[in-house]
Amino acid sequence: MRQPFGIPAWQHRWQARHGWLLLAGGLAGSTLLILCGIALQRQLRPPSAPQPGSRQLPSPPAQAAWISPLRAQCSVQDRALVQRLNGLRQALPQRLQRIRIDPSNFGDRFREDAFGNRLDVTPSMVVMHETVYGLNSAINTFITHHPNDADQVSYHVLIGEKGQIVQAVDPSKRAFGAGNSAFNGRWVVTNAKLSGSVNNFALHLSLETPLDGEDDGPAHSGYTAAQYDALAVVLADWMDRFAIPPEHITTHRHVDLGLERADPRSFDWQKLQIRLAALGFLC
Ligand SMILES: [Zn+2]
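Residues numbered from 1 in each chain as written. Predicted model: local features only at pLDDT ≥ 70, side-chain atom pairs only at ≥ 80, totals over all residues.

*Asks:* It is not clear to me how the overall build of the protein should be interpreted in this structure. Could you clarify?
*Replies:* The helix and strand inventory of the protein stands at 8 helices and 8 strands. With 283 residues in all, the protein has 40% of them scored as buried. Across the protein, contacts joining residues at least 24 apart in sequence account for 80% of those joining residues at least 6 apart. (Helix = DSSP H or I, 4+ residues; strand = E, 2+ residues; numbered from the N terminus. Buried ≥ 20, exposed ≤ 12 C-beta atoms within 10 Å, placed from the backbone. Contact = placed C-beta atoms within 7 Å.)

*Asks:* Teacher, can you tell me more about the nonpolar core here?
*Replies:* Considering soluble globular proteins, one finds that nonpolar side chains tend to be buried as a cluster. Grouped together as the largest cluster of nonpolar side chains are 55 residues, with contacts concentrated most on Val-126, Val-198, Leu-231, Ala-232, Val-234 and Leu-235. Mapped onto this core, the elements with two or more residues apiece are α3 (79-90), β3 (125-130), α5 (135-143), β4 (157-159), β5 (165-167), β7 (202-207), α6 (225-242) and α8 (269-278). Per-element accounting of this core gives the leading share, 9 residues, to α6. Those residues in contact with Val-198 that sit more than four places away from it in its chain are Met-125, Val-127, Ala-178, Ser-181, Ala-182, Phe-183, Trp-187 and Val-255. (Core = buried A, V, L, I, M, F, W, Y, C linked by C-beta atoms within 7 Å.)

*Asks:* How do you make sense of the environment of Pro-103 when you look at a structure like this?
*Replies:* Considering the arrangement of structural elements, one finds Pro-103 in the loop between β1 (96-98) and β2 (106-108). Between the alpha carbons of Pro-103 and Thr-144 there is a distance of 9.2 Å; along the sequence they are 41 residues apart.

*Asks:* Where do I start with α8 in this structure?
*Replies:* One turn of an α-helix holds 3.6 residues; hence residues three or four places apart share an orientation. When we look at burial in α8, the residues that qualify are Leu-272, Ile-274, Arg-275, Leu-276, Ala-277 and Ala-278. In this structure, the buried residues of α8 make contact with α3 and α6. Positive phi shows up at Gly-280, right after α8, with a value of about 80 degrees.

Have a look at this one:
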């Protein structure tokens, strides 16, 4: 069964987020706090964090399993779409704009967790976000030095309204895109005093929010065709390079254990479906 957007918990989550956004909104000019993917390095203490060295892994709290809206599809009738996307994919190396962000906003992927257990540093999933504010606002946040853990934030890739593809963090590095989070029962605890996160094994990608989404409403006018094109091409590149299956493409809303995130709002899975199928990644 598919998990459509607008599940019954939607309103509750937005109410929870509402209060938080009002607080954040009071901090004038601090676009950082309004970005959907605040790193939230000050994560909640897990109920029973083991002592370092015990090698006992604290499990994430219960969470609904991810049921991907993407489904197998081996052919696409729209030949023009297939041609366009394959052209875009070939041109990705030239289109990728790499920016140098402040080192406080990202890090290396941990090779050991807080309890000495070895970790696979190959990314194995993708978390999609939205910027809430514009592309340049997000970039300005990332290039700004943030000495406090709670302010540090980044995504690997930003996709602008016109289909611009901006790589802020190399996929080999750890972007600070999600705080207290897990995916299908998995998280990585890198500080025994804090709860875990998906950041160590995730790739984070954020879509620029349209102007009418610069608020805490439950929806906006959605993303452009150019954004879905760019998204599909970046996802295809990552799926290819890191053997990430389509069912490991998810949302910040789903992985967030604090039930505070709702992004990306107004995301149309069907538009991603047809594009990934056109690129041959759903067969
Ligand atoms: Zn987010």
